[in-house]
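Spelled out from the first residue to the last, the chains are:
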Amino acid sequence: MMLNNSSQSAILLDGVPGNWIQCKNGLRQGDSISPYLFIIVANILQRMILYASNQGLLQHPIITNAPCPMLQYADDTLIIIKADPDHLAHLKLILHNFSLATGLTINFEKSTFAPIHVDPHSATLMASSLGCTVASFPQNYLGLPLSTHKLRLLDFHPMIAKVDKRLAGWRGHLLSAAGRAVLVKSVIRALPTYAMSAMLLPAGTILEIDKRCRAFFWAGDDTVNGGQCKVAWDEVCAPICKGGLGFRCLRTHNICLLLKSLSKIHCPGNATWETWLANTYGWAGGHYIGDTHRLHTNVWKDLTSGLPFFRSITHVNIGNSISTAFWLDLWIGAVPLAFHFPNLFSHTTKQNVSVAFVLADVDLRLSLQPRLSNAANSELQSLRSLLATVILMPQVPDSRLCRINDKPLTVAFAYEAAFDSRPEDLFADFIWGRTMRLIDAGCFSGSHTKGVCSPTSVNSEEACQTLTPARSARKLNQLPHAATLPNGL
């Protein structure tokens, strides 16, 4: 507040500053400049932690020379340091000095000490020195379960409880089938989106959510039997153009959301976490994304589980080719080189090697086995001829685009590509997108008997042409004659 009460500001009009305005009342709650004030104050604590790390007073728990990480969001602060009594004592001194300098008092009674691989007795002593309680994993942080081990179904019960709250039994009895479909499609299927964008949900969690959505949609209740389910749930979750009702398939949507992180890793920007991941797991650190290592975490393994699908729906315009997989990415030709030269690919020992690594040597660093078959030798000669025309641009990063539209990959494009192998529903456009004027078109006569229209004397082909859009009618004409509509239409 001292800064707000003692500062002055002026208004520039045509580049000429006006009279100085003395700030007296500080910032009100909700003021647009309030976030900047928080950033200024938070930066002080960041610099104090960084200075102590450089002086060796605080230490990173894993990397000796790295600064201690500190994450801040609103009034939540997460500081990660080595579990050492001397380091904790200096951390408490830093927090005390920060409180004196800024006037922000830290409530240690609401703070927690979360030890990792520390014996319980030492953890209790260190927590008492800080004046806070000992917390255990998993614990909730920014709406997500934070844990040191693989998350279980029990850890996602709060998410399932939110679904139960939305699907109260009285709602199902008061809503029509169309109303229940809107609630499930627009609200319930969107609840796990935030969690799915950060982690791969366990199959049991998705199964529990699907079970509740299925029972609510078909029966409007908590449970449902097989006779009440008119169509398999997998068919219901297909897109409308593929014959489904357009409900999101949670497993597919989960993988598509994680592809955003894979895309950022392949084309890293200026964000710290992107650079750190690229250096730790990517080509920037001498590794190749897709290779397995015993030190890889469960989160990283879940993220890379969608790598084959990611590579199958994207193509690369190479620049420096550092982030492009030589064999498995589509960067030259109509198909990836692993499919174009299958015999040669079966002899390589590094399947995820980058294009830059292979083309760094004139003789091609393919990391092949010593003895090649005749078919592999023949493919090797063809590969050399194909690569003779490749020119790399070291100063230009690779660009990765979606195959179906040559645009940057998005979640919507990835989700659409996931169902690309399913046949299209020829009547979906007519049922969901258009209202045909059947009487004016001549399909039905104008006479009505008890609300039933009488069909006119038109043959099946004419009725098919009238009832379906032109695009769908052309597709129907390509089907065998036995697939035409009956004359009783």
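Cut-offs used in this document
Residues numbered from 1 in each chain as written. Predicted model: local features only at pLDDT ≥ 70, side-chain atom pairs only at ≥ 80, totals over all residues. Heavy atoms only, no water. 1 Å grid on protein atoms, 1.4 Å probe; cavity = no way out; pocket = protein on both sides within 12 Å on 5 of 7 lines; lining within 4 Å. Points joined across faces, edges and corners; volume = space filled by probe spheres on them. Helix = DSSP H or I, 4+ residues; strand = E, 2+ residues; numbered from the N terminus. Nonpolar A, V, L, I, M, F, W, Y, C, P; charged D, E, K, R; others polar. Buried < 20%, exposed > 50% of the residue type's maximum accessible area, 1.4 Å probe, protein only.

Caption draft 1: Seen up close, the layout of surface pockets. Each pocket or cavity is described by its volume, and for the second largest pocket that value is around 320 Å³. Lining the second largest pocket we find 15 residues, and of these Asn140, Gly143, Pro158, Met159 and Lys162 sit closest to its centre. Residue assignment for the lining of the second largest pocket shows that the elements contributing at least two residues are strand E9 (139–141), strand E10 (144–146), helix H5 (157–166) and helix H8 (193–196). Among the elements that make up the lining of the second largest pocket, the one with the highest residue count is H5 (four residues). Here the residues of the lining of the second largest pocket sort into 10 nonpolar, three polar and two charged.

Caption draft 2: Up close: the environment of Lys260. One can find Lys260 in helix H11 (residues 250–266). A relative accessible area of 42% means that Lys260 is categorised as partly exposed. For the pair Lys260 and Leu409, spaced 149 residues apart in sequence, the C-alpha separation works out to 8.0 Å.

Caption draft 3: Spatial organisation of unusual backbone geometry. Cis geometry marks the peptide bond from Phe137 to Pro138; its omega dihedral reads 0°. Summarising the element assignment, Pro138 is placed in the loop between strand E8 (133–134) and E9. A positive phi angle, close to 60°, is found at His117, a residue other than glycine. Tracing the backbone through its elements, the reader meets His117 in the loop between strand E7 (112–113) and helix H4 (120–130). Of note in the backbone geometry, Ser367 takes a positive phi value of approximately 55° without being a glycine. In this structure, Ser367 sits in the loop between helix H17 (355–358) and helix H18 (374–387). Since its relative accessible area comes to 23%, Ser367 is described here as partly exposed.

Caption draft 4: The environment of Gln22, seen in detail. Following the sequence through the fold, Gln22 ends up in strand E4 (residues 21–22). A sequence separation of 15 residues divides Gln22 from Ser7, and the C-alpha atoms of the two residues are 6.5 Å apart.

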